[in-house]
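# Summary of structural features
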Amino acid sequence: MVFGFNPSYAAVFPSYYADAFIAILGIIVFANLALFLAKKPKVQLAANSFMFLVLAAACFALSKYGSAIGLIMPSGGTLISFSSFSLFFGMLFGIGMFLINVLAFSKTEAYQRFSLFSSLVFTGLYLVSFAGSFISIIIGMEIITLPTVLILLSGGYKTIEAAVKLFIMSAIAASSLAFGIVFYYGAANTVLFTQASEGVFLAGAAILAIAALGFESSIFPFNLWVPDVYEGARADATALLGSINKKAGFVALILVLFAAFGAQEAQMTPILYIISILTMFYGNILALSQKNVKRMLAYSSISQAGYILIGIVTATGYGIAASIFQIAAHMFMFMGAMAIVYFMEKNNNEEVDNYVGLYHSNKFAAIVLTIMMLGFIGTPLTAGFIGKFLIFSSAVYNNMVLLAVIAIINTIISVYYYLKIMLAMFASKETKRKYKMDLNITAVAAACLIIVVILGVYPGPVISMASAAAASLHI
Amino acid sequence: MYILVGLPIIGAFLSLAAGRKGTLMLLKAFSLATLAVALYAIYAANEYGIAGIGSSVAYILPLGVNLALGLSGISLILIVMTSIVFFAAALASGYFIDKSMGLYGFLFMLMEATTIGLFASSNLFLFFVFWEVSEVAMFFVIYIYGGMDRRRAAVKFLVYSVVASMLLLIGIMLLYRSSGSFDISVLQGTGYTMSHGMQLLTFAMLLIPFIIKAPVFPLHAWLPDAHTEAPATGSMVLAGVLLKFGGYGMLLLFSILPEIAKEYSVYLAALFAISAIYGAMNAIKVPHLKRMIAYTSIADMGIVAFGLAALNSYGNFGAAYIMLSHGLAISLLFMLAGMFDKEFGTLVIKNLGGIAEWSGAAAYSFIIGILATIGIPLTSGFIGDILLFIGASGAFGIVGIVPLAASIIVGAYLFWIVERSIFRNNMKRETYSEYIDTYVLAAAIVLIASLVAFGVLPSLFGL
């Protein structure tokens, strides 16, 4: 049995960094608890925004200058590890959670609950992103999922069904992940990520881990719960599910596949190859007939998971960088689309038919949603294009032209249902009722719009960061 | 070079903010400024040499993509044509577009920026970006501003476009895979390094989008519908400029993969010739004026592609010059047809009549447009036809001049239409307005003047 584990990591990595990291996450949760008890929703929003953004900025600064102080190292080898990969997602989730908090804001106790739980989700996100071992992964995934269930539960009678479904599914996922970890420990004698290479036990562990993390990242066939839960939840919670939780699943999946299993990944490639094709077709074909916008976007996000998987299948630095970029792009596109859906939902419009003539009742909403849809399709000048370009080209460059062609066929299928919404919005409507958009929703939609366009027009820096993140996995 | 692309982009964003009148002013001002820069480019190319005009800035470093724009003799011809057509369309916009002016101005200027950018782009990444954005903008123009049946036409247009652009994307990636570069100048040398099978696959992947766009039979079905339903200015841009993407793309493709092009040039030429004759035959058959003009443009683009398939410089420059001539003439015809539609309320050929009586200027402009389409001396079509068929007969022998038949068929038929619907006055009819709109007239004059100018002075482009 080969151990890729390098004991010198532990030597150069002072353990108080990890302690400080945990302490910071603790502070966030307790600050939220205190503000929750003090019943100050505005202060809570401000404090959360501040903390999330500061952490995102810190991650950005560290990923630029961290190597100078010996903080950055390849993933794995310690319980918590600071790699470029972790720092990239630390930054991304910081921004994402900030936007989610702004989106969900209202001057009620419901928002305070949401905020409290989302601070727990945030802790989980950081544990997963900075994971150097399976322990961090499983704890992180649990801290992400359980508060999400609570968020859904607190949404009232309508969302209970979604909450229960999510809870049961995540329980199954957690137990299969735990089972996978047992296999891994049996083979590698550790729960740290060691890029362990061969063995029957490891193959079993890898399959169980893929299954478990596939629940969260909504890849076929572990995604049957996704449409029901996304549709049942309130739109701000759906935004959390689709643009944060799902991405955490992918982060964990990439870490586990490349940092934990190393060469074992090659044996998983055929499985992932087929899974990614099935995920794309499943999402796109079922989305075609949907009438409810949220349900359609749920299926669309499944199909996007299929695209993201293509980069992982290629198992090269370029492919992983492509997937990482697409994860970032889809996070903001989905959030932007959900912000508009949330706005429509507040006015009791959930079906595609209700979107007819939206351009005439609220121009801003229609334009934002159109650009997000163009982004999902992959039109140039949006982040979605760069992501898809990177992903498809990673497949083409690695002799997987067939996979790229299948992905492109899927893109062509998907144009139909995105177009259905876009065209509905621009159709003329007789009764022109004006809707006013809340300030916080406007802010989130505008932020997502700007980010999506900037990532599409000037993607160079982010691609570089994604490449550095992928390189730190030592594929 | 960035000015040429940058000016319309600035105009696009400004017109989102301006009101209806402001947008119209902006459209005219910015397209005129762009035209002026394009004309200056002709001067500069003659004075200082064409190679010097070009600029490049690092853009997406990790992908090795530069924001590189440059000119070749052929792209200069197409850019000048583009800026003239857009200026004319901007002049006529006020007459044809009557709702959501700001959005229209945005889409219109965006299309101008992207089409000029496409012809000027020195790498295929930018080429693809510009291609795709202009298509999306065109889709919205048809969908929002089109005629009665616009939705179906727009969706049909989009379906073809999406398939085309996706194949184009794969083809570009395949080229990058074997050469490690998107630069056209680098790619032109690396075609030989690929295996024959891979070359063939790449060639097919790239040829289909260009055939769809040109359009060449049998992938032309989107065009008549899109033209019939698009607003007149949209038709002008679509037929005048967007179709040239196909011709220009084929030109690039044949220079990037010359081996395959040489191997299959006879089959390609046969396909293009069939397409030209098919377009001409259909033009005779259809009873609707706009549809008929749409089919003549299939015939003309078939001839253009035929000239490109000759794979020599006469064929290439002839094709480029026909593209110039066709762009100007067809946009003139579409603009006038759009005006007849608005004035007389019908475009069915047998119901039209008495146009010469309503406005002599409109009638004679229409006739000049037809003359230019056929390629009468003193119009630019003549120069193009001569060059192209010299090239084609050089490559294919005497058979090379067969597609000229398409041109003749169309020409003869058009004259019959002129007699029937322009001069013969079969009934007294109500018109929308008493006189021809000033701006439309100005646009027609711009187009006619440039048709004649480029017919008399081909030396402008070093021909």
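Residues numbered from 1 in each chain as written. Chains lettered and ligands numbered in written order. Predicted model: local features only at pLDDT ≥ 70, side-chain atom pairs only at ≥ 80, totals over all residues. Heavy atoms only, no water.

## Concerning a nonpolar patch on the surface
Residues and elements named next belong to chain A. Note the following rule: In this scheme, patches are assembled from residues that exceed 30% relative accessible area and form no salt bridge. Like charges are connected within 9 Å, while nonpolar side chains (Val, Leu, Ile, Met, Phe, Trp, Tyr) are connected within 5 Å. Using the Shrake-Rupley algorithm and a 1.4 Å probe, accessible areas are obtained, with residue cover drawn only from the displayed protein chains. Within this document, salt bridges are pairs made up of a side-chain nitrogen of Lys or Arg and a carboxyl oxygen of Asp or Glu, the two lying within 4 Å of each other. Per the convention used, a helix needs a DSSP run of H or I reaching at least four residues, while a strand needs a run of E reaching at least two, with both numbered from the N terminus.
On the surface, L146, L150, L153, I160, V164, F167, I168 and I172 cluster together into a nonpolar patch covering about 640 Å² of accessible area. Sorting the residues of the nonpolar patch by element identifies helix 6 (134–153) and helix 7 (160–188) as the ones contributing at least two each. It is helix 7 that provides the largest number of residues to the nonpolar patch, a total of 5 residues. Following the sequence through the fold, L146 ends up in helix 6.

## A word on the domain arrangement of chain A
Residues and elements named next belong to chain A. To keep things clear, this is the line we draw: In this document the domain limits rely on a domain assignment from an automatic tool or a database. The contact criterion used throughout is that any non-hydrogen atoms of two residues lie within 4.5 Å. By definition, the buried area sums, over both parts, the 1.4 Å-probe accessible area that each loses when the two are put together. Whenever two N or O atoms come within 3.5 Å, that pair is a polar contact, provided that in protein one can donate a hydrogen and the other can accept it, and provided that, for residues adjacent in sequence, both atoms are side-chain atoms.
If you check the domain split of chain A, you get domain 1 (1–262) and domain 2 (265–475). Relative placement of domain 1 and domain 2: their C-alpha centres are 22 Å apart. Residue-level contacts link 57 residues of domain 1 with 49 residues of domain 2. In total, about 4,600 Å² of surface goes out of reach between domain 1 and domain 2, with carbon and sulfur atoms giving 76% of it. Interface area lost by domain 1 to domain 2 is led by L103, F220 and F258, which between them contribute 15%. Residue R295 pairs with E231 through a salt bridge whose shortest N-O separation is 2.6 Å. Taken together, the connections running from domain 1 to domain 2 amount to 13 residue pairs in polar contact (both at pLDDT 80 or more). Only helix 3 (41–65), helix 4 (84–104), helix 8 (200–217), helix 9 (226–232) and helix 10 (235–260) provide two or more residues apiece to the side of domain 1 that touches domain 2. If one sorts the elements of the side of domain 1 that touches domain 2 by residue count, helix 10 sits on top with 15 residues.

## Looking at the pairing of strand 1 (residues 54–60) of chain B
All names here are of chain B. Defined as follows: Strands pair, by our definition, only if DSSP identifies at least two bridges between them.
When strand 1 meets strand 2 (residues 65–70), the two strands line up antiparallel, connected through 6 bridges. Across the sheet, G54 pairs through a bridge with G70, a residue of strand 2. Where strand 1 folds back on strand 2, the antiparallel hairpin that results is connected by 4 residues, among which G64 adopts a positive phi of roughly 70°.

## With respect to the interface of chain B and chain A
The criterion, for reference: Side-chain classes follow a simple rule in which Ala, Val, Leu, Ile, Met, Phe, Trp, Tyr, Cys and Pro form the nonpolar group, Asp, Glu, Lys and Arg form the charged group, and the remainder, Gly included, forms the polar group.
At the interface, 29 residues of chain B touch 36 residues of chain A. At the junction of chain B with chain A, the criterion picks out 0 salt bridges. Elements with a contribution of two residues or more to the side of chain B that touches chain A: strand 1, helix 5 (124–145) and helix 6 (150–179) of chain B. No other element matches the 12 residues that helix 6 of chain B contributes to the side of chain B that touches chain A. Broken down by class, the residue content of the side of chain B that touches chain A amounts to 26 nonpolar, no polar and 3 charged.

## Here we look at the nonpolar core
To keep things clear, this is the line we draw: Put simply, buried Ala, Val, Leu, Ile, Met, Phe, Trp, Tyr and Cys residues joined by side-chain atoms within 4.5 Å make one nonpolar core. Each residue gets one of three labels from its accessible area relative to the maximum for its type: buried under 20%, exposed over 50%, partly exposed in between, using a 1.4 Å probe on protein chains only.
If you look at the biggest cluster of nonpolar residues, it comprises 387 residues, and the most contacted ones within it are A:I137, B:F125, B:M250, B:L289, B:M339 and B:F340. For this core, the element with the highest residue contribution is helix 13 (residues 317–346) of chain A, accounting for 21 residues. A domain-level breakdown of this core finds at least three residues from each of domain 1 (1–262) and domain 2 (265–475) of chain A.

## A closer look at the packing of aromatic side chains
The way to describe two aromatic rings as a pair is by their centre distance and the angle between their planes. Applied cut-off: Two rings belonging to Phe, Tyr or Trp (six-membered ring only in the last case) form a pair when the distance between their centres is within 6.5 Å. Interplanar angles under 30 degrees mark stacking, angles over 60 mark edge-to-face geometry, and anything in between is tilted.
Counted under the stated rule, the structure contains 46 aromatic pairs over all chains. For the pair B:F127 and B:F210, a centre-to-centre distance of 6.3 Å together with 90° between the ring planes defines the contact as edge-to-face. On the criterion of sequence distance, the pair formed by B:F127 in helix 5 and B:F210 in helix 8 (residues 196–213) is long-range, its members being 83 residues apart. For B:F210, a relative accessible area of 4% corresponds to the buried category. Among the aromatic residues, those joined into a ring-pair cluster are A:Y318, A:F385, A:F389, A:Y397, B:F125, B:F128, B:Y176 and B:F182.

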